[in-house]
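Residues per chain, in single letters:
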Number of protein chains: 2
Amino acid sequence: MVGLLSRDSGETLIDQIVRSVAARIDERLLRGGARMPSIRSFAATHGVSPFTVVASYDKLVAAGYLESRRGAGFFVRERLPMALNAAEPGITSAGAADAALATKPIDVVWLVRNMFRQMPHQQMPGTGVLPSDWLDGAAIANALRAVSRQNANLLLSYGVPQGFLPLRQQLQHKLAELEIAAAPEQILTTAGVTQALGLVAREFTRPGDTIFVDDPAWFLMFGSFAALGAKVIGIPRLGDGPDVARLAELAAIHKPRLYVINSVLHNPSSTSLSAAKAFQVLKLAEEHDFILVEDDIYCDLHPGSAVQPATRLAALDQLQRVIYLGGFSKTMAANLRVGFIATSPERAERLADRKMLSTLTTSDIGERVVYKVLSEGSYRKHADRVRARLDSVRAKTLRQMERVGLKIVHAAPAGMFVWADAGCDTNALAERAMAEHLLLAPGSLFSPAQLPSTFMRFNVAAMQEPAVWRFLERAVGAVK
Amino acid sequence: MVGLLSRDSGETLIDQIVRSVAARIDERLLRGGARMPSIRSFAATHGVSPFTVVASYDKLVAAGYLESRRGAGFFVRERLPMALNAAEPGITSAGAADAALATKPIDVVWLVRNMFRQMPHQQMPGTGVLPSDWLDGAAIANALRAVSRQNANLLLSYGVPQGFLPLRQQLQHKLAELEIAAAPEQILTTAGVTQALGLVAREFTRPGDTIFVDDPAWFLMFGSFAALGAKVIGIPRLGDGPDVARLAELAAIHKPRLYVINSVLHNPSSTSLSAAKAFQVLKLAEEHDFILVEDDIYCDLHPGSAVQPATRLAALDQLQRVIYLGGFSKTMAANLRVGFIATSPERAERLADRKMLSTLTTSDIGERVVYKVLSEGSYRKHADRVRARLDSVRAKTLRQMERVGLKIVHAAPAGMFVWADAGCDTNALAERAMAEHLLLAPGSLFSPAQLPSTFMRFNVAAMQEPAVWRFLERAVGAVK
C-alpha cells in the first residue's frame, strides 16, 4: 500500500486506508486469519499518525473485514465462501454434461466481485473494463460539476420512468448514425445494460421459457436468466457470427423466446457478425418467432462501418423484431450506471411499466452527466483516442501472446478482448494465477454450461505488466 | 403555462416548454386530438420568439407527444391506453371476488405515472410525496456540488455491489438510534425501496409462493410481486396494526414466504404498530416460518419513540427474521434513488449477489450525496422542520375534511397521509376529480385485490388549494 495514500485526492486518509485494505482482503491478497501490521508499524510505514490507523482499523472491524483479538492485535476475518445459488431449472448447453454444474473453486460471482474491486489494473489481464486512466475522467468531472450547478429542485421529485428526455433525444442521433431510426419515445434508460437485459427477460419470458445466448458469452447474464427460471442455451459462436445451422436446429427443438447476441465486438472474442450471418439470423428469428436482443455495449470501441465492416441487426430490421441495448459503462464511466433500450413504441411502453415496478425511475444525475458529455462533442474524440490506444497495443500483445504459447483463432482488428487457446485447462491456470495475485478469466466462465475450457479471455489494455508475461511464459502449457 | 417559463432556472426555454407541454399531455390536461395554439399565438402569449416555439414543437413531435398535420397545425397525439399486464397467477385477497380484476378506467400504472409528472402539487391531494418546496433543495445542491469536486476517477470504474461504504457506515448509526444493530456488511444500498422489495421478493420467493401485504397497502408492490408469479394476499390492517387473528388464520392456510409491512406510519393510514401487535406478529412469523419485510420508508416523518410510540420489528428481533428496508425518497430527494436493506450477514451476501445480477452496482453519486447530507447533520433539522410543518397543517386539514363529509377512522398524530371514508365509491369520485384536473388516490388502488372502496388516501401537505375543497364539498356524498 506504500505510496497509495494521497493528501489531495478528496478522500480522507482514513477512507483511503479503509478502502485499500478492504480491497486487498476482497482480492484475497490479504487472506482470512492473516495478522495486520501493528498500529505503530503501519503508521510508521505509511507516514500517518497512529490515530489515523486506529480509526481505520476500527472502521474495518465495523465493516467486518478485520477482527481485534485482545492482546494479539488485528487480524483479517475469515469469510464464508461465496457462490451463486444453484440455477433453476438450470443452465444447459446443447449436449453439455450436467456434471459441469458441480461446484467449482472459481465461479462467476467470485470473478465479478473481483472485477468490482480497486485491484491494480495491471494485475487483471482478465478484466472486462478499460483501465481508469484510459477514460476521460476530466470530461466526467466537468459534466458532473455542470449538473451540480443546475436547479437541484429537479432532483427532489421522481424523474420520468422513460428516463431523462434530452438524453433520449441525444441517443436518437447516436442511433441514427448507426442507421437505426428510434424516436425518443422508443428509448428507455436503464441502470446499465445489466438492468436492460433483466427487464427484457422479465417482460418477454415466463419461467421455463428458453433464452439463447452465444457460446461463449458474457457470464453475468447466465445467472440473471437462470434466476428468472429460464433455460439458457448456448449457440456456438464462430468467427463471423453464430453457427446458423446449429441455431436453426436448436430453434426448432427449443422454441426460444429470446436470443441475446453481441453483433459487433462480441464478448469475449471481439469478432463481429458478417452481413450474411446477420441476415440469416434475422430470417431464423422470423421463422421461429423469437426476439433478437442485440447487446451493443462495445459499440464505441468499433471504428465505424466505413472503416471496418459492422452490421447491426437493428439497422436491418429497424426495431421490429430486434431490441437494441447500449450503454456507457465501458467507454465513459461504469459508475454512472447508464444504459438504454431502443425498441418499438409498443414494447418501449411495456418496458417502461416494467422498469417502474423494478426501480420506479433511474436517477437523472447519471443521465444528465452522460447527456452533457455526449452533447458537448468531446466524447467522440475520446472514443477515437481509446481506439487508437487499443490499436497501438493490440498487435504487439498478440505477438507476445503467441510467443508464450497462446493460440489466437480469430485476431479481431478492434475491441479490447482476445479469446485465446492456452492448450490446457484454464480453470487450473486461473487458480495458479490467483495464487500469484493475477486475475485471469478462464473460458468456463463464458460457457453457458460453465464447461471446462482451454480458452480464456484477455484484455489487451491490461497486459502491460512484465509479471503477467512472466507468469504466462511459465504457466501456459505447463498446467495439465 | 403562463408564467411558468423562467430565464434563470438553468433550463433552456425550449426545454421548459417541452417539459411543461409533455407534462400536461401526460396529465391528460391536454387530451389526444386537441389542437395546439399556433406558433405565433404561443410565442405571443408566452413572450418567446417563434423560433423557440418551432423548436419546442419539433421536439414534442420527435418525442411522440404532438403530431403535425400539413396545413392544419400541431395536434396532441392520440395515445394508447396504458394498463399493467394481467397479473399471473394473480392478485387475490382473502375472500375477494375475481370480478375485481376486470379492467378499470383508473389503474395503478395510470396513477403512478401521473405522480411522476411535474403536475402542480396543489392539484394532487392523492400524491404520495411532499411538495418540492417542503424539501431541502439547497442541502442536496450543496452535497452534489461537494461530490462533483471529488476525484471523478472514482466514478470511472464500478462501485461495490454492497454500495458506498461510508454511507453504509452512516446508516449503521442511523439504525442504532432506532435500536437496530447492523454492521455495514449487513447493509446493502438499493435504487430506492422499490428495488429493495424486488430483490427481497426475487431472492426469497419462487413463482407460486404467497406474499402477505397489508390491506390497504402501497400499490406498486402488488404489480411487482404479481409479475414474479407470487400470490399476493392482503391482511386487514386495523388502527394498531394487522388483524392478528386473521393473520394467524391466513398464515396457516397459505404458508406465506414473506409478509411486507409498514410498522411505523403505514401507507395509506399513517398509523403505527402497537408494541403488543409487533410482538404478536413476530410470534406468528416464527410459528409459521415466514420472513417479515419491514418497510420503514416513512421513518423520518415520525418524531421518534420518545415523543410518540413506535415499535420497529427489527428492533425487537435484531434482523434475524426481519428484513428492514429504508430510503430517502420521501424526505430527502426522490431522484437520488437511494434506499437500503438491513438484514443478517448471510442474507445480505445473498442479496448483494442478487443485486449484482440485477443492476451490477448502484451508482455511487446518489449514495455520496445522501452520505454528505446525512453526515453533515443538517438533515436532522430538516426532518424536524418537515414534521413541524405537517403538524401545523394536519389538525386544520382534518377538521376541513370532516366538514366536507369525509370520515376519518384513525386520526394519526404524525405522517403525511390520512385515510378517509368518503361514503361513496371513490373510483367514481376520482374520475370526477380527474375531469377537473385534480388527482385523487381512490381506495381501490391500495387494495391488494383492487376492490372498489369508499375510502381514499389524502396527503395533508397537498390540500392547500381552495379548488380541492370546493371540489370535495360538492362531490363527497354526491357520487353514488
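Residues numbered from 1 in each chain as written. Chains lettered and ligands numbered in written order. Predicted model: local features only at pLDDT ≥ 70, side-chain atom pairs only at ≥ 80, totals over all residues. Heavy atoms only, no water.

Identification of chain A as PLP-dependent aminotransferase family protein from Duganella zoogloeoides is taken from an unreviewed UniProt entry. In its Sequence similarities (unreviewed entry) section, the UniProt entry covering chain A states "In the C-terminal section; belongs to the class-I pyridoxal-phosphate-dependent aminotransferase family." (UniProt positions renumbered as here; feature names shortened; annotations may be inferred.)

K.L.:
Any chance you could explain the relation of the copies chain A and chain B here in plain terms?
P.N.:
Here the two chain copies are tied together by a rotation about an axis and a shift along that axis. Screw-axis analysis of chain A against chain B gives a translation of 0.1 Å along the axis, an RMSD of 0.1 Å, and a rotation angle of 180°. Such a combination of rotation and displacement between the chain copies is what one expects of a two-fold axis. Taken as a fraction of all interface residues of chain A, those also at the interface in chain B reach 99%, which identifies the copy contact as same-surface. (Least-squares fit on C-alpha atoms with pLDDT ≥ 70 in both. Contact = heavy atoms within 4.5 Å.)

K.L.:
What is the right way to read helix 12 (residues 345–359) of chain B from this model?
P.N.:
In an α-helix, one full turn covers 3.6 residues, which means residues spaced three or four apart are oriented alike. Residue and element names in this part refer to chain B. Its 15 residues give helix 12 an end-to-end C-alpha distance of 21 Å, which sits within 8% of 21 Å, the value for a rise of 1.5 Å per residue. Along helix 12, 11 of the 15 residues are buried, which leaves the element largely enclosed by surrounding structure. Within the sequence span of helix 12, burial applies to Arg347, Ala348, Leu351, Ala352, Asp353, Arg354, Lys355, Met356, Leu357, Ser358 and Thr359. Backbone geometry just after helix 12 places leucine 360 at a positive phi near 60°. (Helix = DSSP H or I, 4+ residues; strand = E, 2+ residues; numbered from the N terminus. Expected span 1.5 Å × (residues − 1). Buried < 20%, exposed > 50% of the residue type's maximum accessible area, 1.4 Å probe, protein only.)

K.L.:
Where do I start with the interface of chain A and chain B in this structure?
P.N.:
Interfaces are often sized by the amount of accessible area the parts lose when they come together. Facing 82 residues of chain A, the contacting portion of chain B comprises 83 residues. Each partner contributes to the roughly 7,500 Å² buried at the junction of chain A and chain B, and carbon and sulfur atoms together form 59% of this total. At the junction of chain A with chain B, the criterion picks out two salt bridges. A salt bridge links arginine 77 of chain A to glutamate 185 of chain B; the nearest nitrogen and oxygen atoms lie 3.2 Å apart. Taken together, chain A and chain B are joined by 17 residue pairs in polar contact (both at pLDDT 80 or more). (Buried area = accessible area lost by both parts, 1.4 Å probe. Salt bridge = Lys/Arg side-chain N within 4 Å of Asp/Glu carboxyl O. Polar contact = N/O pair within 3.5 Å; in protein donor to acceptor, adjacent residues only side chain to side chain.)

K.L.:
Explanation requested: the domain arrangement of chain A in the structure shown.
P.N.:
Residues and elements named next belong to chain A. When its domains are assigned, chain A resolves into domain 1 (13–76), domain 2 (99–135 + 381–475) and domain 3 (137–378). Computed from C-alpha atoms alone, the centre-to-centre distance between domain 2 and domain 3 is 24 Å. Roughly 2,400 Å² of surface becomes buried between domain 2 and domain 3 when both sides are summed, with 65% attributable to carbon and sulfur atoms. When the area that domain 2 buries against domain 3 is broken down by residue, the three leading residues are Arg387, Phe446 and Pro448, summing to 25%. Counting the contacts that link domain 2 with domain 3 gives zero salt bridges. (Domains from an automatic or database assignment.)

K.L.:
Just to check I follow, could you spell out the pairing of strand 4 (residues 210–215) of chain B for this structure?
P.N.:
Looking along a regular strand, one sees the side chains alternate between the two faces of the sheet. Residue and element names in this part refer to chain B. Counting buried positions along strand 4 yields five of six residues, so the element is predominantly enclosed. Here strand 4 pairs with strand 5 (residues 231–238) via six bridges, running parallel. Bridging from a neighbouring strand, aspartate 215 pairs with proline 236 of strand 5. (Pairing = 2+ DSSP bridges.)

K.L.:
How do you make sense of the sheet that holds strand 14 (residues 455–459) of chain B when you look at a structure like this?
P.N.:
Strand-to-strand pairing in sheets goes through backbone hydrogen bonds, with the strands running parallel or antiparallel. All names here are of chain B. Strand order across the open sheet formed by four strands is 11-12-14-13, with antiparallel pairing between neighbours. Both edges of this open sheet fall to strand 11 (407–408) and strand 13 (441–442), since each of them pairs with a single strand only. Where strand 13 meets strand 14, two bridges bridge the pair, whose relative direction is antiparallel. Across the sheet, proline 442 pairs through a bridge with methionine 456, a residue of strand 14.

K.L.:
Any chance you could explain the sheet that holds strand 13 (residues 441–442) of chain A here in plain terms?
P.N.:
Strand order in this open sheet of four strands is 11-12-14-13 (chain A), and the pairing throughout is antiparallel. Since the sheet does not close on itself, it has two edges, and those belong to strand 11 (407–408) and strand 13 of chain A, each with one partner.

K.L.:
Help me understand the pattern of salt bridges in this model?
P.N.:
Pairing of side chains with opposite charge becomes possible as their charged atoms draw close. Scanning the model with the defined rule gives 42 salt bridges over all chains in all. Put simply, aspartate 300 of chain A and lysine 174 of chain A hold a salt bridge, and the shortest N to O gap is 2.7 Å. Here lysine 174 of chain A lies in helix 6 (residues 165–177) and aspartate 300 of chain A lies in the loop between strand 8 (291–295) and helix 11 (313–317), a separation of 126 residues in the sequence. Aspartate 300 of chain A gets classed as buried once you look at its relative accessible area, which sits at 12%. Across the pair glutamate 177 of chain B and arginine 380 of chain B runs a salt bridge whose closest N-O atoms are separated by 2.9 Å. Within this pair, whereas glutamate 177 of chain B is found in helix 6 (residues 165–177), its partner arginine 380 of chain B is found in helix 14 (residues 378–403), the two being separated by 203 residues in sequence. Each member of the pair, glutamate 177 of chain B as well as arginine 380 of chain B, is classed as exposed.

K.L.:
Just to check I follow, could you spell out unusual backbone geometry for this structure?
P.N.:
Negative phi characterises most residues that are not glycine, and trans characterises most peptide bonds. Residues asparagine 267 of chain A and proline 268 of chain A are joined by a peptide bond in cis, for which omega reads 20°. Tracing the sequence through the fold places proline 268 of chain A in the loop between strand 7 (258–261) and helix 10 (275–288). Here the phi dihedral of glutamine 450 of chain A falls at roughly 50°; this positive angle occurs in a residue that is not glycine. As for its position among the elements, glutamine 450 of chain A is in the loop between strand 13 and strand 14 (455–459). The class for glutamine 450 of chain A is buried, based on a relative accessible area of 14%. Positive phi outside glycine occurs at aspartate 289 of chain B, with the angle close to 50°.

K.L.:
What exactly am I supposed to notice about the confidence of the model for chain A here?
P.N.:
Low-confidence regions, as indicated by low pLDDT, have predicted coordinates that should not be scrutinised in detail. Residue and element names in this part refer to chain A. Within chain A, residue pLDDT values average 86, and 88% of them lie at 70 or more. For the stretch residues 80–105, pLDDT sits under 50, and the model shows 48 contacts to residues farther than four places along the chain or on other chains. Reported confidences for the modelled complex are a pTM of 0.77 and an ipTM of 0.74. (pLDDT = per-residue confidence, 0-100.)

K.L.:
Sorry if this is basic, but what is going on with the packing of aromatic side chains here?
P.N.:
Where two aromatic rings form a pair, the distance of their centres and the angle of their planes describe that pair. Tallied over the entire structure, the rule returns 26 aromatic pairs over all chains. When the centroid spacing of 5.9 Å and the interplanar angle of 80° are considered together, the rings of phenylalanine 164 of chain B and tyrosine 371 of chain B count as edge-to-face. With phenylalanine 164 of chain B in the loop between helix 5 (137–148) and helix 6 and tyrosine 371 of chain B in helix 13 (residues 364–375), this residue pair connects regions lying 207 residues apart in the sequence. Among the residues examined, tyrosine 371 of chain B registers a relative accessible area of 21% and is labelled partly exposed. In textbook terms, an aromatic cluster arises when at least three aromatic residues are bridged by ring pairs, as seen for Phe219, Trp419, Phe446 and Phe455 of chain A. The aromatic ring of phenylalanine 204 of chain A is capped on one face by arginine 347 of chain A, whose charged end is 5.6 Å from the ring centroid. (Phe/Tyr/Trp six-rings, centres within 6.5 Å; stacked < 30°, edge-to-face > 60°. Lys NZ or Arg CZ within 6 Å of the ring centre and 35° of its normal.)

K.L.:
So what exactly am I meant to see when it comes to the environment of arginine 149 of chain B here?
P.N.:
Its location among the elements puts arginine 149 of chain B in the loop between helix 5 and helix 6. The sequence separation of arginine 149 of chain B and aspartate 421 of chain B amounts to 272 residues, and the corresponding C-alpha distance is 51 Å.

K.L.:
Quick question: what am I supposed to make of the environment of arginine 145 of chain A here?
P.N.:
Residues and elements named next belong to chain A. Looking at where arginine 145 falls in the secondary structure, it is placed in helix 5 (residues 137–148). Between the C-alpha atom of arginine 145 and that of isoleucine 39, which follows or precedes it by 106 residues, the distance is 38 Å. Among the polar contacts listed, one links the side chain of arginine 145 to the side chain of asparagine 142, at a separation of 2.9 Å.

K.L.:
I'm lost on the pairing of strand 2 (residues 73–76) of chain A in this one. Help?
P.N.:
Residue and element names in this part refer to chain A. Both strand 1 (residues 66–69) and strand 2 contribute to a ladder of four bridges, which runs antiparallel. Paired with arginine 69 across the bridge in strand 2 is glycine 73. The antiparallel pairing of strand 1 with strand 2 creates a hairpin that spans three residues between the two strands, and glycine 71 there sits at a positive phi of about 80°.

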